[in-house]
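Topology and contacts: notes
Residues per chain, in single letters:
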Amino acid sequence: MINNSPYFRQPASVRGVMLKVLAALLPGLAAYVWFFGAAILVQLALCSAAALAGEWAMLAIRKKPVWLFLSDGSAVVTAWLVALTFPPIAPWWLGIMATLFAIVVVKHLYGGLGQNPFNPAMAAYCLMIVAYPQIMSQWPAVGFTDFSTQLTAIFGPDRHLDAITMATPLDALRTQLHTADARATVAGILGSHATFGNIGGKGWEWVALGYLIGGVWLVRQRIITWHIPTAFLATLAAIATIASLANPAVFAGPVFQAFTGGAMLCAFFIATDPVSGATTPRGKLIFAAGIALLTWIIRTFGAYPDGIAFATLLMNLCVPLIDMHTQPPVFGHKKDEEEDKKGP
Amino acid sequence: MMLKKLFAFNGGVKPDYHKGESNHLPIAAAPLPAELVIPLHQSIGGVPHPLVHAGDCVRKGQLIGGPDGNVSSAVHASTSGTVKAVEPRLMPHTSGLSAPCVVIEPDGRDEWIEHAPVPWRSMSPGEVRDALRDAGVVGLGGAVFPSHLKVNPGKLGHLDTLVINGAECEPFITCDDMQMRERPEGIVKGAAILRDLTQAKQVLVGIEDNKPEAVAAMRAAVERLKAERIEIVAVPTRYPAGGAKQLIRVLTGIEVPHGKRSTDYGVQCFNTGTAYAVWEALELGRPLISRIVTVAGNVETARNYEVHFGTPMQDVIALAKAKPDSDRVIMGGPMMGYRMPSAAVPVVKATNCILVGSKALFPPPPPEMPCIRCGECALACPVDLQPFEMYWFSRAKIFGKAQEYHLFDCIECGCCAYVCPSRIPLVDYYRFAKSEIWARENEKTAADTARERYEFRLAREEREKAEKAAKLAAKATETKAKLAAQAAAAAAAPADAEAAGAAVPPEPTSTATNDPKALIAAAMARAQAQKAVVHPENVEQISPEKQAEIAEIEARRAKLREVAKAAQPQEDQ
């Protein structure tokens, strides 16, 4: 194609977008390392390497310009999201397999960058939690940051996990409410455990805060818009508020819901994936509200540790429909549409 | 001063403006070139017909191209001289196509044709429109729409607001800026004329606030002239604030949809340069023969020049001294301009800027990446489109869907491509889709015409056949009647014959006048007889008379065959 107008462009690139996303993850990552040890860094490295290898292989097979796409940073973003949603002390092959599945199957078999209908990291999470439910729920205990023990857990043949794992706040809440005696209450469970914090679980609330800070920065950088994070958190909080007001013994409150598990990561980094998410302003609100609703349902009534991944995939499915029905009015046509609504 | 309430349009971008490069020097007059190549087609609408021939002497301002109908605009000689040719020359258009031009060799005297102010105040609106058309006044913002077509109050009978567009939002271009600074009175007087012609209640002159000198000069002129109901409004600098619809939105809050007339909403919009041209045409009686052109980009001294139409762009570029690494000439700005096929193409009414480009100034776009649906383009779109969806469908050639996403509302401002992190040349895809859709519509129209013609032919043939059959039927009835008469005669005859004792064998047809078999037999017999007569003759050398005779016979035989055919089914019964 001939070089036609416009003849100059804003210096923006896909790589720039991806690098900013990675940068925005750093505050949350710092808190993660502080509270749960450096194991996550090992996982990040493993997943990143796997992502780049898988990306390289698929680009070569598909005869695409390898360096152009390999350097766009999108594979690394996927790898980081896989690593950050998986238990950091999971065996080394789990993250690698998950990342390869995300890159090879969910991304490239659907057409590569920009074409995948599902969020690659969330699809990988769903696959692994179905395949290895036990490993996927072995989360490290907060404060236990001994790196060599963690390394043994990741690479060693003998994984002595009992000493270093602990139920996450969400897990504790569900198992005890569902299985234990009928006297268990939300306040009782969360309050009884010394290591659980006051907001979203000790450690986890700080990680969530880090994601929140990075996410707000992303909004200010115009990498994402406010719609998805706001609608997600507002919906989740609204449902949690109503439920906990109705029965505070059984349902956790809004602040806990927003600051625990993957909620904050989802709000700013997962649901905001532009490729698999809704794109219109109204569509984004509906899409994010849908994820929040499904997340709350799965968290509260489901059997899995968190509901983010399934909720995201389910809403990914609805994106074409949402986008089609939420097209914003075009310049000058706002009146037409009002008149259309009124009818003849 | 009262602060006017302004409105905003969504989207838009803030590119580097590069205005300071060309607006620090006053407007200079570009010298007359050795040869002026004046295209006849310089506006939207019909191509004016040439009124001069090679060898004719013309004077400055003389009509050389007569408007073709009402949607067209006149073209004039930019100076006095001799017409060297009226021939196709390369046009200032990306296509590289040629079109008829009047080539004039200036005589250097620059002699005006006799001209006098137009008494427009005492003329009917139609007469004023004709005067503007004959003065060649068109929109000088770049769209070159014939201005006379816009000088009417519209359906409502009057305008609420007349917008004069001095926004000049494209980077590099400063021709309107400089004209407003140096010739504000002409613009204000032109705006006042347009106000009276359109019966507008108020005139708002919108100027982007990065041109404070122009705003000040225009305000001073309004005050000096005591112009009524004309307000100079500084609008926020954001590309494309100078788009007519965007500026109307900013100044009045009204959104004129694609495909609708702005007058239906009580608004009309003219460029400041056009207002000046209107004033010149009506108050001075001068047709449009030159304009102010910015020469900028990869040049030593960017500046504005008053350039006669028909001056080769390279002559104007030479004044500004293009740098050696220049690799292209663009007409218009960097956001919406068109690349010229050669620097030799002439300056025309649409030439607001000659932008000299180089690889350093306008680097070739980095490799295109897939769309990641980040939505930056939708945020930048001043028409609130979803550019990535239009791109998706244009690329996949699903043009119907592209149109559903309002492809034709796209003003091709380039904001989407400007912000795209995947560096997709989005506007190129829209241009491609639009031209494909137009081509298909043309094809469909052509096919429809062909089909209609074919159907008409079929109908005609059918009709002729029917007429022929009717004639034959008439003839057959006649024959029948004749035979019946003969039979009657024969029936009447036997008595006499018997009486005479002469046995007359009954005619075979007599008993069955209504029997087609008999008719055929009779006809065949007659044909046989005729054939017998014709046969012996030498067929190779036939006189015209004979040929005519044969033709006649052939025709008759054909008719008979028809009758025989018609009789066939009855025989089968």
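If you're wondering where the values come from, they're calculated on a predicted model, not measured in any experiment.

Before going further, it helps to examine the pairing of strand E9 (residues 159-165) of chain B. Residues and elements named next belong to chain B. The buried fraction of E9 is high, at six of seven residues. In the sheet, E9 pairs with strand E10 (residues 200-208) via six bridges, with the strands oriented parallel. Each bridged residue has a counterpart across the sheet, and for Val163 the counterpart in E10 is Leu204. Bridge count for E9 against strand E12 (residues 267-271) is five bridges, and the pairing is parallel. Across the sheet, residue Ile164 finds its bridge partner in E12, namely Phe270.

This paragraph deals with the confidence of the model for chain B. All names here are of chain B. Looking at chain B as a whole, the pLDDT averages 88, with 90% of positions reaching at least 70. Summarising per-element confidence for chain B, the mean pLDDT is lowest in helix H14 (residues 544-572) (66) and highest in strand E14 (residues 303-308) (97). This stretch, residues 501-506, has a pLDDT under 50; its non-local contacts, to residues over four places away or in other chains, come to two contacts. A low-confidence stretch, residues 569-573 stays under pLDDT 50, and its non-local contacts, those more than four residues away or across chains, total two contacts.

The next point concerns the packing of helix H2 (residues 39-61) of chain A against helix H5 (residues 92-108) of chain A. Residue and element names in this part refer to chain A. Between H2 and H5, whose axes approach to 8 Å, the crossing angle comes to 35°. The chirality of how H2 crosses H5 is right-handed. In contact with Leu46, Cys47, Ala50, Ala51, Gly54, Glu55, Met58 and Leu59 of H2, H5 contributes Trp92, Gly95, Ile96, Thr99, Leu100, Ile103, Val104, Lys107 and His108. Of the residues belonging to the contact of H2 with H5, the class tally is 11 nonpolar, four polar and two charged.

What follows covers the domain arrangement of chain A. Bring the parts together and some accessible area is lost; that lost area is often taken as the interface size. Residue and element names in this part refer to chain A. Per the domain assignment, the segments making up chain A are domain 1 (13-166) and domain 2 (175-327). Relative placement of domain 1 and domain 2: their C-alpha centres are 21 Å apart. With 32 residues of domain 1 at the contact, the number on the domain 2 side is 30 residues. Interface of domain 1 and domain 2: buried area, both sides summed, is about 2700 Å²; carbon and sulfur atoms make up 82% of it. For the pair domain 1 and domain 2, the interface holds three residue pairs in polar contact (both at pLDDT 80 or more). Going through the elements one at a time, helix H1 (14-36), helix H4 (74-85) and helix H6 (120-131) are the ones with two or more residues in the side of domain 1 that touches domain 2. For the side of domain 1 that touches domain 2, the leading source of residues is H1, giving 12 residues. Residue composition of the side of domain 1 that touches domain 2, by class: 24 nonpolar, seven polar and one charged.

The feature "binding site: [4Fe-4S] cluster 1" (unreviewed entry), as annotated in UniProt, sits at Cys371(B), Cys374(B), Cys377(B) and Cys420(B) in this numbering. Separation in sequence by 50 residues is not matched in space for these annotated residues, since their most distant C-alpha atoms are only 10.5 Å apart. Tracing the backbone through its elements, the reader meets Cys371(B) in the loop between strand E17 (353-358) and helix H8 (376-380). With residues near it in sequence (within four places) discarded, Cys371(B) still touches Gly114(A), Phe388(B), Tyr391(B), Ser422(B) and Ile424(B).

Residues and elements named next belong to chain B. Domains assigned within chain B are domain 1 (119-286), domain 2 (365-494) and domain 3 (495-572). Domain 1 and domain 2 are separated by 40 Å when their C-alpha centres are compared. Interface area for domain 1 against domain 2, summed over the two sides, is near 490 Å², with a carbon-plus-sulfur share of 57%. Together, Tyr239, Gln246 and His258 form the three largest contributors to the area buried by domain 1 at its contact with domain 2, with a combined 75%.

Once that is clear, we can look at the nonpolar core. In terms of nonpolar packing, the biggest core is built from 90 residues, with Tyr32(A), Tyr211(A), Phe232(A), Phe269(A) and Phe287(A) touching the most fellow members. In terms of residues, this core owes the most to one element, H1(A), which gives 12 residues. A domain-level breakdown of this core finds at least three residues from each of domain 1 (13-166) and domain 2 (175-327) of chain A. Leave out the neighbours within four places in its chain, and Phe232(A) touches Ala263(A), Cys266(A), Ala267(A), Ala288(A), Ile291(A), Ala292(A), Thr295(A) and Ile308(A). Grouped together as the second largest cluster of nonpolar side chains are 88 residues, Tyr17(B), Ile173(B), Met180(B) and Met313(B) included.

Another point: the pattern of salt bridges. Residue and element names in this part refer to chain B. Tallied over the entire structure, the rule returns 35 salt bridges over all chains. The shortest N-O distance in the salt bridge between Asp134 and Arg133 comes to 3.4 Å. The exposure class assigned to Asp134 is partly exposed, which follows from its relative accessible area of 34%. A relative accessible area of 16% means that Arg133 is categorised as buried. With a shortest N-O distance of 3.6 Å, Glu368 and Arg395 are connected by a salt bridge. Taken as a pair, Glu368 in the loop between E17 and H8 and Arg395 in helix H9 (residues 387-395) lie far apart in primary sequence, 27 residues in all.

Summed over the entire model, instances satisfying the criterion amount to 21 aromatic pairs over all chains. Plain terms: the ring middles of Phe86(A) and Tyr125(A) are 5.9 Å apart, the flat faces sit at 75° to each other, and that makes the pair edge-to-face. Highlighted residues: Phe86(A) in the loop between H4 and H5 and Tyr125(A) in helix H6, separated in sequence by 39 residues. Exposure class is identical for Phe86(A) and Tyr125(A). Each is buried. Consider the rings of Phe251(A) and Trp296(A), whose centres lie 5.7 Å apart with planes at 35°: the pair is tilted. One end of the pair, Phe251(A), is in the loop between helix H12 (227-246) and helix H13 (254-259); the other, Trp296(A), is in helix H15 (residues 281-301), with 45 residues separating them in the sequence. Put simply, the rings of Tyr7(A), Phe8(A), Phe172(B), Phe362(B) and Tyr418(B) touch in pairs and so form one group of aromatic residues. Against the face of Phe270(B) rests Lys150(B), its NZ or CZ located 4.8 Å from the ring centre. The ring of Phe9(B) has Arg238(B) lying over it, and the distance from NZ or CZ to the ring centre is 4.5 Å.

With that settled, consider the packing of H12(A) against helix H14 (residues 263-270) of chain A. Angle between the axes and distance between the axes are the two parameters that describe a pair of packed helices. All names here are of chain A. Their axes nearest at 8 Å, the elements H12 and H14 cross at an angle of 155°. Viewed along their axes, H12 and H14 adopt a mutual orientation that is roughly antiparallel. Of the two elements, H12 crosses H14, and the hand of that crossing is right-handed. Along the contact surface, H12 presents Ile228, Pro229, Phe232, Leu233 and Leu236, while H14 presents Ala263, Met264, Cys266, Ala267 and Phe268.

The next subject is H2(A). With 23 residues, H2(A) ought to run about 33 Å at 1.5 Å a step, and its terminal C-alpha atoms sit 33 Å apart, in line with that. Phi for Lys63(A), located one or two positions after H2(A), is positive at around 55°.

So, about the sheet that holds strand E16 (residues 338-339) of chain B. Residues and elements named next belong to chain B. Pairing within the open sheet is mixed, and its six strands lie in the order E1-E14-E13-E17-E15-E16. In the strand order of this sheet, the two ends are held by strand E1 (28-29) and E16, each with one partner. The pairing of strand E15 (residues 326-331) with E17 spans five bridges and is classified as antiparallel. Paired with Ile330 across the strands is Leu355, a residue of E17. Running at roughly 125° to strand E13 (residues 290-297), helix H2 (residues 175-182) makes contact with E13 and E14 of the sheet.

Since the α-helix turns once every 3.6 residues, residues separated by three or four places project in the same direction. Residue and element names in this part refer to chain A. Along helix H8 (residues 147-155), the residues classified as buried are Gln150, Ala153 and Ile154. What you see down the axis of H8 is that its buried residues fit within an arc of 95°, all on one side. Its buried side turned inward, H8 meets H1, H2 and H5.

So, how was this worked out
Residues numbered from 1 in each chain as written. Chains lettered and ligands numbered in written order. Predicted model: local features only at pLDDT ≥ 70, side-chain atom pairs only at ≥ 80, totals over all residues. Heavy atoms only, no water. Buried < 20%, exposed > 50% of the residue type's maximum accessible area, 1.4 Å probe, protein only. Helix = DSSP H or I, 4+ residues; strand = E, 2+ residues; numbered from the N terminus. Pairing = 2+ DSSP bridges. pLDDT = per-residue confidence, 0-100. Contact = heavy atoms within 4.5 Å. Axes fitted to C-alpha atoms, helices over the stretch in contact; angles between N-to-C directions. Left-handed = near helix turned anticlockwise from the far one by under 90°. Nonpolar A, V, L, I, M, F, W, Y, C, P; charged D, E, K, R; others polar. Domains from an automatic or database assignment. Buried area = accessible area lost by both parts, 1.4 Å probe. Polar contact = N/O pair within 3.5 Å; in protein donor to acceptor, adjacent residues only side chain to side chain. UniProt positions renumbered as here; feature names shortened; annotations may be inferred. Core = buried A, V, L, I, M, F, W, Y, C linked by side-chain atoms within 4.5 Å. Salt bridge = Lys/Arg side-chain N within 4 Å of Asp/Glu carboxyl O. Phe/Tyr/Trp six-rings, centres within 6.5 Å; stacked < 30°, edge-to-face > 60°. Lys NZ or Arg CZ within 6 Å of the ring centre and 35° of its normal. Parallel < 35°, antiparallel > 145°, perpendicular 65-115°, else oblique. Expected span 1.5 Å × (residues − 1). Arc of directions from axis to C-beta.

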